[in-house]
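Here are the chains, one letter per residue:
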Amino acid sequence: MAKYGMVVDLERCQGCRACMEACKVENNTTESMFWMYVFRFEEGTYPDTKMSFLPRPCQHCDNAPCVKVCPVGARYKREDGIVLTDPDRCIGCRYCSLACPYGVNYFNYQKPQDAYYALGIDWEDPDVTSVTGGVVPPYKNPDHDLLYGEEQRRTAGGGHAKGVMEKCTFCVHRVENGMLPACVETCPTNALVFGDVSDPDTPISRYVRAREPWHLLEETGTEPSVMYVGGKPPTLALTEIERPKARV
Amino acid sequence: MPKVTRRTFVKTSAVAAGGTALARNYLFGPLDTVAAESPLALQPMVEDVVPTTCWIGKQDCGMLARRVDGRVIKFEGHPANPRNAGTLCPKGQAQIVALYDPNRVKWPLIRTNAKGATGEWRRASWDEALQLVADQVNEVRERDPKAVLWQKGRSKAKKFYDDAFVKSLGSAKMGHGAYCSDVGYRVLEYMIGTHAVLHPDFRYCDYMLSWGWNITGAGGNKTCWLQWPRHMVEAKERGLTITHIDPRLRSAGPFADDWLAIRPGTDLAMALALCHELVAQGFLDRPYLSTYTNAPYLVKPDGSVAKVTVGEGEEAEELALVWDEDAGAAVPFAEATSRALEGSYEIDGEVLRPAFEVFKEHIAQYSPEWAAPITDLPAEKIRQVATDFGEKAQIGSTLVVDGVEVPYRPVGIMAYHVAQQELGFPTLQAMTMVPMLVGAMGAAGGQLSDYSWKIHKNYAKFEKLTVDDPPYDYFLNKSKFFPINTGLPGVVAKVMQDPAKFGVEKLPEVAILHMVNPLNAFPSQPDFLASYGMFKFVAVISPWLSETADYFADVVLPAATIEKYEGPISVNNQYIDGSTLRIPPMDPLFESKGEIDIYMDLTEKMGLLYGEDGYLYQVNKALGLVDDKAEFGVDINSKPQVRDIFDNWARSEGIEEGVAYFEDPGKSVYIKGPVKPTKMYGYATDPPFGGAIHRFYGESLLDAQNQMKEKGAEAIYYQDYNALPTWRPPTMDSSPAEYDLYMISYKLIEHKQARTSFVPLLAELAPGARVDINPVTANRLGIESGDVVTVESHNAVTGETRSIALPAVMCEGIRPDVVGIPHHFGMWTHPVNEGQGSSPNELYFTGEGYTTNTADQSFHVKVRVRKGGEL
Amino acid sequence: MATTARGRPALPQGIGRVTPGWWAFFAATLIVLAFGIVAIIRELTAGMVATGMRDVGTAGGATWGLYISMVVYFIGVSFAGITVAALIRIFDIERLRPIARMAELLTIVSLILGAFAILVDLGQPLRGITNLFGFARPQSPFFGTFSLVIAGYLFASIVYLYLGGRRDAALMAKHPGRLQRFHRWWAAGYKDTEAERRRHYQTSFWLALGIIPLLIVAHSTLGFVFGLQVGRPGWYGTLQAPAFVALAGVSGVGHIIVLAAIIRRLLGAQRRITMEAFSWLGRFLMVLLAVYLYFMVVELLTLLYATPEVEKRLSDALLTGTYAPIYWGSVAALVLPMIALMWQALARRWNVGILVASGVLVNLAAIGKRYLVVVPSQTHGTLLPYEVGSYSPSWVEYGVVLGLFALGALLVGLFIKSFPVLPLEAEEEVSVDA
Ligand SMILES: Nc1nc2c(c(=O)[nH]1)N[C@H]1C(S)=C(S)[C@@H](COP(=O)(O)OP(=O)(O)OC[C@H]3O[C@@H](n4cnc5c(=O)[nH]c(N)nc54)[C@H](O)[C@@H]3O)O[C@H]1N2
Ligand SMILES: Nc1nc2c(c(=O)[nH]1)N[C@H]1C(S)=C(S)[C@@H](COP(=O)(O)OP(=O)(O)OC[C@H]3O[C@@H](n4cnc5c(=O)[nH]c(N)nc54)[C@H](O)[C@@H]3O)O[C@H]1N2
Ligand code: SF4
Ligand code: SF4
Ligand code: SF4
Ligand code: SF4
Ligand code: SF4
Ligand SMILES: [Mo]
């Protein structure tokens, strides 16, 4: 059984946020939902200023607090390490979101159809629906309607629904078909590396051996599957700059 | 790609429905699935992939469009395209939303209200709209073709169909380049002969000056973005050191090993000081300078080059003289075996000195100590950069690349938009001299510019500059104002407002605007507001109602976005060469059309499509489908399909399958192969450097200055035409002291010029304009983060002031005497634009003091900032 | 002896008799309740976007807000009710016996409100119920809270109230009228024989004994809902659970005092609910307050010396920043009653007015403190350097909470009007017999 992991090489990351955008399009997430999020930081005072970037997907923790607290088992961890949310099971208590130290969970506060960039874009415009057949959003990915894993469950990628929690799925629908996650695929500088860490011959395993990976919030004991190389763990001394429109 | 067939889809959704139907519908929470919501799902699902290229960006990254039932659902990077190697930037990813945007111009529009204000439109048929444009344009064209002005902004791919249109009409043509880095191009064409600005050979470079390169936010030389950053991170892993020279740190992000926060508009002083130090510390590649540049040319006391005339009559040629140390005499350059770079030699009673000697004397004054107060950088820092650059250049070393031995100078500069400052021309001249002095131009690991050493036609043209008497054309070509002229639309706008001042008699009467939005993308906005209203008729070809169209178009023709052919497109990434085409991933949406179709229809209506010199003839010509390739030309007497044109082109390139090659997602990128060292490195080409002698010394510039003076030009026009780059304070510095800040503009990685701020996915990431301000300055002005501030600019020549209000954002990575504003906002026609704020282009000036000596825009102005104002 | 309009003898304690004042009271609660229902419908149709809650992290919000604060509060209130009732049984505190039923009532009502508050806080409320039955994971502290507190504990207290009320129900059932069927149903054949009495006494006693550990476990679990969160600064800590229990007691006893005073006044029951009862309640409140204040001082010290950056950011927000008004307001609303109670205890003179004021104050403080436990750790407690967040409840949330209070008042009112809230006394029994 494969065990999936991701390496984020902070010496390569340009903070471009292409990964965020790829994730949004691939997974059809709605406004202000950033399953992948890239921090941009500034530190120090002029002229001794430093900048850094930090991409933050779900860490797919091996000791995942979000899984532990879910009252109904909607949040579950698969044997291959992927932590998923079953949108048909989730009761919307948002407990996982609080248990997670990384802030990677996104709750559907409204009906997704109303949250696809509704401001300024009317997907129901008859001229558009004549082309898209009324699919909202027009770039809707049909893969998400399928069932995945041994458990044959849907994943939150397929279950954008009001009142349900969702988060990064490690693009399980792509990974199961032998493709890389959308964020990894698009990263212009290959700062994201994904693969089977249990197989010593994968690029990611070589990466892990050659560099010294560290984990985000190591001290919380969550044992993430996402590893960082280069850079340094973030502190509150960093000032976040250039925040996207993150609240609806 | 996973294949979702109808059968598995139905099966799985049935399972989903059975198992979850109950849970799914609990209380107002039906889960939306394609099955539940989409009529499309009722039909069989057909999935396929179409190769295409990015529509937003300027380097046309290769993409694969994933389609479901003909509906594009995702763009991914094309793995075989060397430029992006399977990756895409945020804009490339987000453009899928733009494609389906119902706020596109869906059908031809004809204006129903007066121009100069927000437009009111009626829907028209293509036939009616085209007829109207054809009639209006023809009426003027028949009288005076140059009174028809065709304008295009940020171009894509090869401009064959544009050029064909302009040629078939005989109209005048105006671009965007003078806002881009055209002045940089002119300098390189002048000095080196290549059509480009500057970038290093990332594969071997050890030390790079990132000089105003927006590493993490924009293009750098020639590209859109992600090509150079890919090379850069690999070079950094190999050990490349980056010194970033930019008033903002943000552009380099974490990649600057050292940050020199230079004062805006003083890069010339910095470059001159680097030259001074390289010479002073003896970091000179004499063999390069004496063999491949005009540095040994003997210069007379009046600055002109000593020459002899050989041959007679038609054959007569003027040859520049150098001092041959072996012969102990002045001989033509080509004949000398040991060309002196220094010394002074008395010949026929005149003291002649090699240009390099003149240069040494000229730069003697430009020490780091001199530059320090101008650039506001410590002299030691400047000296250190020169020392590092000189030492790391390893002058004299060579490297064997793919079996070819080439000089190895692993140092170079990346520069592009930094050219857009008032002293842009001399600045780029001096910056180019830095790698030249150490022999890095065209060396392995050293300074590159274009992807090849093809010599641009301007190189020869610039040997002698002509300054005519008035009347001038409205671009002021060959005028006493701008003898080297890139055609700045802002200057045209000035001329239109006061033709007499510039000795212009004939003005353009109608305009056809294609992929350009001057009112928003170009400074200075008030000048465009004033001049575009003077056109009798304006037709705009655009997928969006641009601000310019909103105010001034009589007719808007809806262009398709990505769903149209584009090409041929180079995929050269410096190291691998090849080409591709954009295949439309869908049929044009709504009633839009691709530009090629639009131009064919329009020229047909104008009676210019067919026959000798007609549009189709010009298309063949522009694609090189003439002479020995004439068999590939399209029939000039019948209207082809656009696909046929590309099919012919592909075959002419030796691709047997024709366009089908590019339609096959498995192929679709035509790789010619790795770029050979004999093509990549100037030293190794045959002849070296494409045969050009590098113009270290700009004799014709000095000559132009003399001619301009003769024709009565004012100093503000001729002062920067000098044989050697010469410092003077920029005009903006004479604004009153209360205008105590410099305003610069820059690009955001999430946006592309003025064509994305309304794409909701991108507007989410980078929602609006802002004023970056150093907290020290903000504190002094009583400004807090998020406060609305008023920025007021001042024109040091005319005294005019302009202001806008925007929210302030604290930024430690910016000089305290600088404010920065991204230039992508300030639009108003799209609902998503609501509340995004203004464009710095409302504040910039154009014209005297704010353009270069080559008629290129400066993106600098002095401003003052105060708290408060109306957004 | 009072009679009704139709000449029937009136029921004791004003049962069944709705005076204009009561009509006005019911109308008022119904109006507020209706407003709450409108708010809930708004939330259900628009989604929780109608609340002020947003995701923790990039959205800079609090994903648990006023609702969960109220859940914790209501469950806390229920604690004291049942504890007092249980203590009365275990220690046979005779002078408090008249308070027992209202304490039980309080428990049940606040549990119902708590349950509703949880339901409105769920993104998929009905699924919340069905999936919890289908897929409940006992490992989740939330499950503990939900199942133990709301389900088990609610069930237990209902049984308790039921048993304790059977005798009165039987007595009431003898009386004809609209409520007779209800009383009969409750009495369920109770004959008030000695054997029955003993059996009830014993069941109540053992139930009371059993309920105490259940209480502690339940409230600790509620504490663990927060306390086990390594990823939420301010929540992780061993004191969470005991502090929860202590504050629960404070708010609940406060409530009993207020309710007792109101009923005493309404029913003119000065004789039944004696000053001694109030002094007992006052002392009990004082002890609980003292315990809680001890926890608070410890908490304050931890806050002051908070070293990790995040904890510091959080404590700054609490002590001097955004939340300082609520924090210090709550502290004042705890310290003032403490002083008042101590003063009264020392003076051995108890004043109902001051006690009621104290009861109200400690409850405001309890709501404040619950809010401060729930919210700031989300807005200011992110371990990654997200920007500091903000949360303020929307009108929908206020509407729902007001609606809940109205529902509570309505339920209490209905109970008072349909069942003896004070155990029936000999004379009342007589009047019924007549
Ligand atoms: N994301 C994105 N990428 C783009 C584009 C886009 O719109 N968006 N546009 C493309 C186009 S058309 C072009 S031309 C290229 C441009 O590519 P670049 O030239 O790399 O980008 P700009 O942001 O224009 O660069 C301006 C930089 O110069 C700095 N600067 C300003 N004034 C001075 C000065 O006086 N001295 C020095 N040393 N630095 C100064 C600014 O701080 C900024 O970092 O980008 C291309 N790529
Ligand atoms: N202040 C400031 N201003 C700048 C710069 C800066 O650094 N600072 N940078 C400058 C630079 S480098 C450049 S290159 C210029 C670019 O300036 P422009 O070339 O004018 O800008 P674009 O936004 O690329 O394109 C303009 C319009 O083309 C239309 N368009 C988009 N796609 C298509 C299409 O497929 N077909 C057709 N027919 N029309 C289309 C859209 O309506 C869009 O509004 O801006 C310059 N402006
Ligand atoms: S796409 Fe790659 S380089 Fe860009 S922000 Fe994401 S990880 Fe960093
Ligand atoms: S990062 Fe958060 S959501 Fe993801 S597995 Fe870990 S705890 Fe769960
Ligand atoms: S929100 Fe859904 S996934 Fe998260 S804990 Fe609650 S039920 Fe589980
Ligand atoms: S792995 Fe997939 S779901 Fe996760 S951040 Fe990347 S693109 Fe998004
Ligand atoms: S870099 Fe430019 S061309 Fe490439 S994907 Fe991005 S916007 Fe498109
Ligand atoms: Mo440009």
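Residues numbered from 1 in each chain as written. Chains lettered and ligands numbered in written order. Predicted model: local features only at pLDDT ≥ 70, side-chain atom pairs only at ≥ 80, totals over all residues. Heavy atoms only, no water.

Draft legend 1. Inspection of helix α21 (residues 642-652) of chain B at higher detail. Residues and elements named next belong to chain B. Burial analysis of α21 places 8 of its 11 residues in the buried class, the great majority of the element. The complete set of buried residues in α21 reads V642, I645, F646, D647, N648, W649, A650 and S652. Next to the buried residues of α21 lie α5 (160-169), β25 (566-570), β26 (576-582), α19 (595-606), α20 (615-622) and α22 (659-663). The positive-phi residue at the C-terminal boundary of α21 is G654, with phi of around 85°. (Buried < 20%, exposed > 50% of the residue type's maximum accessible area, 1.4 Å probe, protein only. Helix = DSSP H or I, 4+ residues; strand = E, 2+ residues; numbered from the N terminus. Contact = heavy atoms within 4.5 Å.)

Draft legend 2. Summary view of the pattern of salt bridges. Residues and elements named next belong to chain B. Using the criterion set out here, one finds 86 salt bridges over all chains in the structure. A salt bridge links R263 to D817, with the nearest nitrogen and oxygen atoms 3.4 Å apart. You can see R263 sitting in the loop between β11 (258-260) and α8 (267-280) and its partner D817 sitting in the loop between β31 (801-810) and β32 (818-822), a full 554 residues away along the chain. D601 is the partner of K639 in a salt bridge, and the nearest nitrogen-oxygen pair spans 2.6 Å. One end of the pair, K639, is in the loop between α20 and α21; the other, D601, is in helix α19, and 38 residues separate them in sequence. (Salt bridge = Lys/Arg side-chain N within 4 Å of Asp/Glu carboxyl O.)

Draft legend 3. How the structure looks around the site of ligand 2. Residue and element names in this part refer to chain B. Taken together, 32 residues lie around ligand 2, and R154, A521, K564, E595 and N841 are the ones closest in. Between ligand 2 and I541, the relevant distance is 2.8 Å, taken from a nitrogen atom to a main-chain nitrogen or oxygen of the residue. With the chains in place, 99% of the 910 Å² that ligand 2 exposes on its own is no longer accessible. Its residues placed into classes, the shell around ligand 2 shows 16 nonpolar, 11 polar and 5 charged. (Near = heavy atom within 4 Å. Polar contact = N/O pair within 3.5 Å; in protein donor to acceptor, adjacent residues only side chain to side chain. Areas by Shrake-Rupley, 256 points an atom, 1.4 Å probe, with all protein chains shown as cover. Nonpolar A, V, L, I, M, F, W, Y, C, P; charged D, E, K, R; others polar.)

Draft legend 4. Examining the packing of helix α3 (residues 97-121) of chain C against helix α14 (residues 395-418) of chain C more closely. Residues and elements named next belong to chain C. Two elements in contact, α3 and α14, have axes whose closest approach is 10 Å; the angle formed by their N-to-C orientations is 150°. Considering the angle they form, α3 stands roughly antiparallel to α14. Note on packing geometry: the crossing formed by α3 with α14 is right-handed. Residues R101, L105, V109, I112, L113, F116, A117 and V120 of α3 touch α14, and the partners they reach there are V400, L404, L407, G408, L411, V412 and F415. Across the contact of α3 with α14, the residue classes tally to 13 nonpolar, 1 polar and 1 charged. (Axes fitted to C-alpha atoms, helices over the stretch in contact; angles between N-to-C directions. Parallel < 35°, antiparallel > 145°, perpendicular 65-115°, else oblique. Left-handed = near helix turned anticlockwise from the far one by under 90°.)

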